[in-house]
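What follows is each chain in one-letter form.
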Amino acid sequence: MAETHVLFVEDDDVIREATQLALERDGFAVTAVPDGLLGLEAFRADRPDIALLDVMVPGLDGVSLCRRIRDESTVPVIMLSARADSIDVVLGLEAGADDYVTKPFDGAVLVARIRAVLRRFGHASGPAGDGGPAGRQEQGGALTFGDLEVDTEGMEVRRAGTPVSLTPTEMRLLLEFSSAPGTVLSRDKLLDRVWDYGWGGDTRVVDVHVQRLRTKIGQDRIETVRGFGYKLKA
């Protein structure tokens, strides 16, 4: 089996070298570069399986690099930020990142988060458990909610007949909502099911992804239930 290829963009030499060694010990192939411009070149040349981007890197900052990557690919992106309460976290998620890790981080924690992201990207065929979505089932595994059509077999989404491009994380989020239309799903439950955060996590990840999903499928399609979570309008 081919090694998982990680692109790691970090300008701190000590962190970059130590993290690269730690990832390689865990079986990853790593391309590590010190600035965003080199990161963009490496991404285009190597087409890695996942990108780890520090927010504050020279040349092209991590948020801008994430946007450039997202313009070209749905490859998973994890942002690295020095402050958990930084606006950079939200900016990174809004730019298309799938997750973030706060520095300083433990190598084992980073590896676990990478593997969690890769698991859900490798299994974007729908939420596990109760036999699949329970919306209005059409021929071929398609579910319809107003002008929204979700093909749970072909992993395609259309709005008013027009294809909608979703990242794998956005697709998994939509599949969770479409599996229980009209049912309120808490942020913690979504973190567990979509992000594999069995231990809990930062709910900003959910909120930003819901906002991104709304811009693609319709602002009023996912309703906020204040104090509880979100639900898909059937």
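Description of the structure in this document. From a predicted model like this one, the values you see are computed outputs, not experimental measurements.

**A word on the packing of helix H6 (residues 168-179) against helix H7 (residues 187-194)**
- Contact geometry of H6 with H7 gives a least axis separation of 10 Å together with a crossing angle of 125°. Classified by the angle their axes make, H6 and H7 are oblique. Our pair here, H6 against H7, has a crossing hand that is right-handed. Between H6 and H7, the residues in contact are Thr 169, Arg 172, Leu 173, Glu 176 and Phe 177 and Leu 190, Arg 193 and Val 194, respectively.

**Remarks on the pattern of salt bridges**
- Taken as a whole and judged by the stated rule, the model has 15 salt bridges.
- Where Arg 47 meets Glu 72, a salt bridge forms, and the shortest distance between an N and an O atom there is 3.6 Å. Of this pair, Arg 47 sits in the loop between helix H2 (36-46) and strand S3 (50-54) while Glu 72 sits in helix H3 (residues 62-72), and the two are 25 residues apart along the sequence.
- The residue Lys 216 makes a salt bridge to Glu 170 at a minimum N-O spacing of 2.8 Å. Of this pair, Lys 216 sits in helix H8 (residues 204-217) while Glu 170 sits in helix H6; the two residues are 46 residues apart in sequence, bridging distant segments of the chain.
- Assessed through its relative accessible area of 28%, Lys 216 is described here as partly exposed.

**Quick notes on the environment of Leu 23**
- For Leu 23, the location among the structural elements is in helix H1 (residues 13-25).
- Using a relative accessible area of 1% as the deciding quantity, one classes Leu 23 as buried.
- Taking C-alpha positions, Leu 23 is 7.1 Å from Val 111, a pair spaced 88 residues apart along the chain.

**Some details on the sheet that holds strand S2 (residues 29-33)**
- The sheet built from five strands is open, its strands ordered S2-S1-S3-S4-S5 with parallel pairing. Looking at which strands have only one partner, the edges of the open sheet turn out to be S2 and strand S5 (99-102). Sheet twist, expressed as the average angle between the axes of neighbouring strands with direction ignored, equals 20°.
- Bridge analysis of S3 against strand S4 (residues 77-81) gives four bridges, and the strand direction is parallel. Bridge assignment links Ala 51 to a residue of S4, and that residue is Val 77.
- On the sheet, H1 packs against strand S1 (5-9), S2 and S3 and is oriented at approximately 170° with respect to S2.

**Let's talk about the packing of H2 against H3**
- Taken N-terminus to C-terminus, the directions of H2 and H3 make an angle of 20°; their axes are 10 Å apart at the nearest point. With respect to H3, the axis of H2 lies roughly parallel. The chirality of how H2 crosses H3 is right-handed. Between H2, through Gly 36, Gly 39, Leu 40, Phe 43 and Arg 44, and H3, the contact on the second element is made entirely by Leu 65, Arg 68, Ile 69 and Glu 72.
- Broken down by class, the residue content of the contact of H2 with H3 amounts to four nonpolar, two polar and three charged.

Criteria and thresholds
Residues numbered from 1 in each chain as written. Predicted model: local features only at pLDDT ≥ 70, side-chain atom pairs only at ≥ 80, totals over all residues. Heavy atoms only, no water. Axes fitted to C-alpha atoms, helices over the stretch in contact; angles between N-to-C directions. Helix = DSSP H or I, 4+ residues; strand = E, 2+ residues; numbered from the N terminus. Parallel < 35°, antiparallel > 145°, perpendicular 65-115°, else oblique. Left-handed = near helix turned anticlockwise from the far one by under 90°. Contact = heavy atoms within 4.5 Å. Salt bridge = Lys/Arg side-chain N within 4 Å of Asp/Glu carboxyl O. Buried < 20%, exposed > 50% of the residue type's maximum accessible area, 1.4 Å probe, protein only. Pairing = 2+ DSSP bridges. Nonpolar A, V, L, I, M, F, W, Y, C, P; charged D, E, K, R; others polar.

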